[in-house]
Amino acid sequence: MATPTPSPLRVLTGITTSGTPHLGNYVGSIRHSVRQSVAPGVETFFFLADYHALIKVNDPALVQRSTLEIAASWLACGLDPERVTFYRQSDIPEIPELTWFLTCVTGKGLLNRAHAYKASVDKNVAKGEDPDADVSAGLFMYPVLMGADILMFNAHQVPVGRDQIQHIEMARDMGQHFNHLYGEHFTLPEALIDDAVATLPGLDGRKMSKSYGNTIPLFAPRAQLQKQIASIVTDSRAPGEPKDTEGSALFQIYQAFADAEETEALRRAFAEGIGWGDAKQVLFERIDREIAPMRERYEALMKDPTRIEQTLLAGAAKARRLSQPFMGRLRHAVGLRDLGAQQQTGARKAAKVARPSFKQYRERDGQFHFKLLDARGETLLQSLAFASPQEAGRAIALLQQQGGAALAVLAGQLEMLSAEQSQAAAEVLDALAEGAEK
């Protein structure tokens, strides 16, 4: 059976819940990701990586506050939880369970090569300290948790910066090793790099980053935004003197928000000697024009954290319709099984349950449904409603072709199964798919 290939294309984005979102986060990730989330033929997953935050943040109030601010920021910027799967990592208990499964198939040598761990070791060695001084097991195991985040939902693509490509490659290694040992369960992900996404300089000209303390908060009040933009470092050229756009943090930030015509107008103004104070005012007005409507939505969301909590829990329920049955099959694959299952499986084979049948039918409301029946006529799974018989037929065809792997793909179109029911249905579907290949 081939590696399961979710259809449509699945793209998964993790959002670390540490710190307050700033303009660099907006132009470097949020704006582009929100736009891409509505692309046709793409199924998108966004999760708040609060387990990851615990590796470097040990202030509970800060973790909670940051989770709230970041969730509110993405929602204010237009992320639609009805069109995407938006959830909090810690609301998916299957993720830490999968992390352990992957831990058991991942070589320590692979983790020794992780960039973050190596950087910590090199820093300690340079200071003459023990190589692992102050290195937590959480930091060392970080790539495995990230691998579980990705592999749990069989993502095809993961948008990352170039410094994160290694983590995607490691997730591929883990998935490949698990597949080799236990059968084809995981789609092997690809890193998605978009070089067109802007990287903003901060107040001092270096890359805008919390680690440098040179950020401009995304939803700072209007007066604070204006004050911070006024503090951007510029050179000493006076009004009337031509100014260079090359290397100008002010111009680069403006360019990330402006269209081509606006950018060219400011370029001419630089050449004509615009004063720095006037240039900063132009920048402030352009940013505020884009941010102000979102700031209003953000402030409303921050005043209603219960609404955000409900949104995240609804997203988690949506995500777990995939993760629960998938984890049931993974548990079975590694041998964590019902001790009576072997006898039951033998009985099913004797009854030729490996040849199930699909029954497609139309209800009085005009909607179409199907059931999967075993040889005894017992229902193994039941679909939800389809608008046409063609749609129901396509779902049946996918189950016949991909076997049990298709259960995760079609989870939103099937009545929820328990882990045991999912395991039984998967066994029958796998046998059906294997029989079709012969």
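Everything quoted here is computed from the prediction, not taken from an experiment. All residue numbers here refer to positions counted from 1 along the written sequence of the relevant chain. Given that the model is predicted, a residue must reach a pLDDT of at least 70 before its local features are reported, and side-chain atom pairs must reach 80 or more before they are shown or counted; all residues, however, enter totals for whole chains, interfaces and linings. In computing side-chain values, all of the structure's heavy atoms are included and hydrogens and water are not.

Visitor: Just checking my understanding: could you explain the packing of aromatic side chains for this structure?
Guide: The relation between two aromatic rings is expressed through the spacing of the ring centres and the mutual angle of the planes. Note on aromatic contacts: the rings of Phe and Tyr and the six-membered ring of Trp form a pair at centre separations within 6.5 Å, being stacked when their planes are under 30 degrees apart, edge-to-face when over 60 apart, and tilted otherwise. Scanning the model with the defined rule gives 14 aromatic pairs in all. Their ring planes at 20 degrees and their centres at 6.1 Å tell us that Tyr 26 and Phe 257 sit as a pair that is stacked. One end of the pair, Tyr 26, is in helix H1 (residues 23-36); the other, Phe 257, is in helix H10 (residues 249-257), with 231 residues separating them in the sequence. In this structure an aromatic cluster arises from ring pairing among Phe 45, Phe 47, Tyr 87 and Phe 153. It is Arg 31 that lies over the ring of Phe 257; its NZ or CZ is 5.6 Å from the centre. Counting as a charge over the ring demands two things of the Lys NZ or Arg CZ atom: a distance within 6 Å of the ring centre and an angle within 35 degrees of the ring normal. Of note, Lys 243 hangs over the ring of Trp 276, and the distance from its end group to the ring centre comes to 5.6 Å. Helix and strand definitions follow DSSP, with helices as H or I runs of at least four residues and strands as E runs of at least two, each counted in order from the N terminus.

Visitor: Help me out: how do you make sense of the pairing of strand S3 (residues 85-88) in this one?
Guide: Working note: regular strand, side chains alternate between the two faces of the sheet. Here S3 shows a buried face lined by Thr 85 and Tyr 87 and a second buried face lined by Phe 86 and Arg 88. Following DSSP output, two strands are said to pair if at least two bridges run between them. The sheet contact formed by strand S2 (residues 42-49) and S3 spans 4 bridges and is parallel. Its bridge partner being in S3, Phe 45 is matched across the sheet by Thr 85. The buried label goes to any residue with under 20% of its type's maximum accessible area, the exposed label to any with over 50%, and the partly exposed label to all in between, with areas taken from a 1.4 Å probe on protein chains only.

Visitor: Help me understand the pattern of salt bridges in this model?
Guide: Note on pairing: side chains with opposite charge can pair once their charged atoms come close. Salt bridge criterion: a side-chain nitrogen from Lys or Arg within 4 Å of a carboxyl oxygen from Asp or Glu. Overall, the coordinates contain 18 salt bridges when judged by the stated rule. Between Glu 309 and Arg 88 there is a salt bridge; the shortest N-O distance is 2.9 Å. With Glu 309 in helix H13 (residues 305-334) and Arg 88 in strand S3, the pair connects residues that are 221 residues apart, well separated along the chain. According to the relative accessible area criterion, Arg 88 is buried, its value standing at 11%. We note a salt bridge from Arg 237 to Asp 244, for which the minimum N-O separation is 3.3 Å. Connected through salt bridges with shared partners, the residues Arg 31, Glu 262, Arg 286, Arg 289 and Glu 290 form a single ionic network.

Visitor: Please explain the nonpolar core as it appears in this structure.
Guide: Buried together is how nonpolar side chains tend to be arranged in soluble globular proteins. Buried Ala, Val, Leu, Ile, Met, Phe, Trp, Tyr and Cys residues form a nonpolar core when they are joined through side-chain atoms within 4.5 Å. Grouped together as the largest cluster of nonpolar side chains are 52 residues, with contacts concentrated most on Leu 23, Tyr 26, Phe 86, Phe 257, Ile 287 and Ile 291. Those elements that place two or more of their residues in this core are H1, S2, helix H3 (60-76), helix H9 (222-230), H10, helix H11 (260-271), helix H12 (276-302) and H13. For this core, the leading source of residues is H12, giving 10 residues. Leaving out residues up to four positions away in the same chain, Ile 287 has contacts with Leu 23, Leu 225, Ile 229, Ile 253 and Phe 257. Among the nonpolar cores identified, the runner-up in size contains 43 residues, and Leu 145, Ile 168, Phe 186 and Ala 319 belong to it. In this analysis, two residues are considered to be in contact whenever any of their non-hydrogen atoms come within 4.5 Å of each other.

Visitor: So what exactly am I meant to see when it comes to the side chain of Glu 94 here?
Guide: Here Glu 94 shows up in helix H4 (residues 94-103). Counting of polar contacts relies on pairs of N or O atoms within 3.5 Å, with two restrictions inside protein: one atom must be capable of donating a hydrogen and the other of accepting it, and residues adjacent in sequence are counted only when both atoms are side-chain atoms. For Glu 94, the side chain forms a polar contact with the side chain of Arg 320, separated by 2.6 Å. Those residues within four positions of Glu 94 in sequence are excluded, and the remaining contacts are Met 152, Arg 320, Ser 323, Gln 324 and Met 327.

Visitor: Looking at this structure, how should I read empty space enclosed by the protein?
Guide: The gaps left among the atoms become clear once a water-sized probe is rolled over them. The way it works is a 1 Å grid over only the protein atoms, where trapped points that fit a 1.4 Å probe form a cavity and open points with protein on both sides within 12 Å along at least five of seven lines form a pocket, and then any residue with an atom within 4 Å of a point lines it. Grid points are joined across faces, edges and corners, and a volume is the space filled by probe spheres set on the points. Across all of its chains, the model carries 1 cavity of 30 Å³ or more by this definition. Here the largest cavity is characterised by a volume of approximately 100 Å³. The wall of the largest cavity is formed by Arg 321, Pro 325, Leu 407, Ala 411, Leu 414, Glu 415, Met 416, Leu 417 and Ser 422. Any residue that is not Ala, Val, Leu, Ile, Met, Phe, Trp, Tyr, Cys, Pro, Asp, Glu, Lys or Arg is counted as polar, Gly included; the first ten are nonpolar and the last four charged. Looking at the lining of the largest cavity, its residues break down into 6 nonpolar, 1 polar and 2 charged.

Visitor: Hey, could you run me through the packing of H10 against H12 in this one?
Guide: Helices that pack against each other are described as a pair by the angle of their axes relative to one another and the distance between those axes. Here an angle of 0 to 180 degrees is reported between the N-to-C directions of two axes, which are lines fitted to C-alpha atoms, with helices fitted over the stretch in contact. Between H10 and H12, the shortest axis-to-axis distance is 10 Å and the interhelical angle comes to 25 degrees. Classed by the angle they form, the pair H10 and H12 counts as roughly parallel. Where H10 crosses over H12, the handedness of that crossing is left-handed. Of the residues in H12, those in contact with Leu 250, Ile 253, Tyr 254 and Phe 257 of H10 are Trp 276, Ala 279, Lys 280, Val 282, Leu 283, Arg 286, Ile 287, Glu 290 and Ile 291. Of the residues contributing to the contact of H10 with H12, the split by class is 10 nonpolar, no polar and 3 charged. Convention used here: angles under 35 degrees read as roughly parallel, angles over 145 as roughly antiparallel, angles from 65 to 115 as roughly perpendicular, and any remaining angle as oblique. Two helices crossing with the near one rotated counterclockwise from the far one by less than a right angle form a left-handed crossing, whereas a clockwise rotation gives a right-handed crossing.

Visitor: Help me understand the pairing of strand S7 (residues 368-373), please; the structure alone is not making it clear to me.
Guide: Summarising burial for S7: 5 of the 6 residues are buried, a large majority. Looking at chain direction, strand S6 (residues 357-362) and S7 are connected through 6 bridges and run antiparallel. Bridge assignment links Tyr 361 to a residue of S7, and that residue is His 369. The loop that links S6 with its antiparallel partner S7 comprises 5 residues; one of these, Gly 366, has a positive phi angle of about 90 degrees. Of the pairings in the sheet, the one linking S7 to strand S8 (residues 379-382) comprises 3 bridges and is antiparallel in character. Each residue of the ladder has a partner; that of Lys 371, found in S8, is Gln 382. Hairpin connection from S7 to S8: 5 residues lie between these consecutive antiparallel strands, with Gly 377 at a positive phi of about 85 degrees.

Geometric descriptors of this kind do not, in isolation, establish any biological role.
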